[in-house]
Structures are given as C-alpha cells and as structure tokens.
Amino acid sequence: MHKLAISVCSFILFTVLYVSFLFAATESDDQKLYLSIDSKYRTKNYEEVLKQTRTFLQKHPSSHYADQVYLFRALTLIAQNQFDQAITNLKKALEVTKEGSFKSMIHYNLAFAYFESKEITKAESLLESVQPAQLTQENRSKFYILRAKVRRHNQNWPGASADIFRAIENSNNPGNKTLLQPLVSFLEVVLEPIDNLDQLE
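Let me sum up the structure you'll find in this document. Worth saying up front: this structure is predicted, and the values here are computed from it rather than measured.

From N to C terminus, the chain includes nine helices and zero strands. Beginning at the N terminus, the succession of helices and strands in the chain can be written as α-α-α-α-α-α-α-α-α. Per-residue burial over the chain gives 36% buried out of 201 residues. Pairs at least 24 apart in sequence give 49% of the contacts found in the chain among residues at least 6 apart.

Structure (structure tokens):
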C-alpha cells in the first residue's frame, strides 16, 4: 500500500510537471513571436509584420496577446493605406480584448481609419467612445488632433479650436516650436472661418 501511494504521488507530480512544461513552452513560443512582431513593427518591416501576425493568429488565436497582434496588423495596414483591411482587424481586436483601457486605443485607430476612408460620421461616433484619460500623453495629443479634424470637417470651428489647444497642452514638448508649428498652422486654418463671421449689429 505504501509503495502504491508513492507511485500514485509520483505519477501526479510527473503529470503536473509535464503539463506545466507544455504550458510554459506554449507561452514561451507565444511571447517570442509577439516580441518579434513588436520588433519588426518598430523597424517598419511591414512585410514581416503581416507575415508574422498571420502566423501568430493561426497558431495562437486565444492568446492574451491576440488583441495587440490584431492592432499591430491593423497599424501596418494603415501605414500602407489599406484602410478597409485595417478596419476589419481593428474590429477583431475589439472582439477579443479584455482590457478596458486598450479599447480606447483601438477605438481611436478605428476612428482614424474611418476618417481616412472619408466615413466621417463613423469616425465621429467612435471618438465619443474614446476616454482620453486612458491614453498616454502623446496619444491624447493625437486624439485631440483627429477630433479637431472631424470637427473642422463638420464646421464646428469652436470645438476644433478647443481641441487644437488641448493637443498642444498634451504634446510631449509644448515649447518645441518645430513640433508646435503644424498645430499652430492648423489652428489658423480653423480660426479663419470664425474671423470671417459677420459682426452683430
């Protein structure tokens, strides 16, 4: 009986260790491929990003990295002006993500893709779902710039102007004239219709 108990314990221990090994191996392969995608994206090796993200999603569809991989794929497609495919991948990222804060980033990029596809109403609706406080400072600045563009398109001049000021406030280096000049120029374009309004008499 004593020997049987030892054998059962040994079998259970071996099984636990074996399952743990398999899980670790899967996680290792999962993470390794994700990090490779991240590296390829940062160096703008877009062909490899598309190739590796496809492989990743085939091998690890339920991975906790899946939402970020869909985002990498979408951002690569946006960089190549393939907005329809980018939108498809961003929608898939929304379906699988469990991170509330990550949804704001996906909503922003989806709004950007719709804006570039001239679907302004959809872009405007999605921007309402973005919570700027959940974005990094740099991304908040980008959010306000995009919303300013949407508001300018809709001739909401005061709203567009306010968003440009918010973008400047959230820029990483508000004192950098090189970075600020495009925003200032945009602000001048936005303010022109307000300057041209008839005076009240």
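More follows now that the structure is in view.
Ranked by internal contacts, the top residues of the largest apolar core, which has 41 residues, are Ile37, Phe56, Val69, Ile78, Leu90, Leu127 and Phe143. If you list the elements that add at least two residues to this core, you get α1 (2–42), α2 (46–59), α3 (66–79), α4 (83–96), α5 (100–116), α6 (120–127) and α7 (137–153). With nine residues, the single largest contributor to this core is α3.

Taking 1.5 Å of rise per residue, the 14 residues of α4 would be expected to cover 20 Å, and the 20 Å separating its terminal C-alpha atoms lies within 8% of that figure. Buried residues along α4 sit in contact with α3 and α5.

Right, let's get into the packing of aromatic side chains. Per the counting criterion, the structure on display carries five aromatic pairs. With centroids separated by 6.0 Å and ring planes inclined at 50°, the aromatic side chains of tyrosine 34 and phenylalanine 72 adopt a geometry described as tilted. A residue pair is termed long-range when its members are at least 10 positions apart, and tyrosine 34 in helix α1 and phenylalanine 72 in helix α3 qualify at 38 residues. Accessibility classification places tyrosine 34 together with phenylalanine 72 in one group, the buried group.

How each quantity is defined
Residues numbered from 1 in each chain as written. Predicted model: local features only at pLDDT ≥ 70, side-chain atom pairs only at ≥ 80, totals over all residues. Heavy atoms only, no water. Helix = DSSP H or I, 4+ residues; strand = E, 2+ residues; numbered from the N terminus. Buried < 20%, exposed > 50% of the residue type's maximum accessible area, 1.4 Å probe, protein only. Contact = heavy atoms within 4.5 Å. Core = buried A, V, L, I, M, F, W, Y, C linked by side-chain atoms within 4.5 Å. Expected span 1.5 Å × (residues − 1). Phe/Tyr/Trp six-rings, centres within 6.5 Å; stacked < 30°, edge-to-face > 60°.

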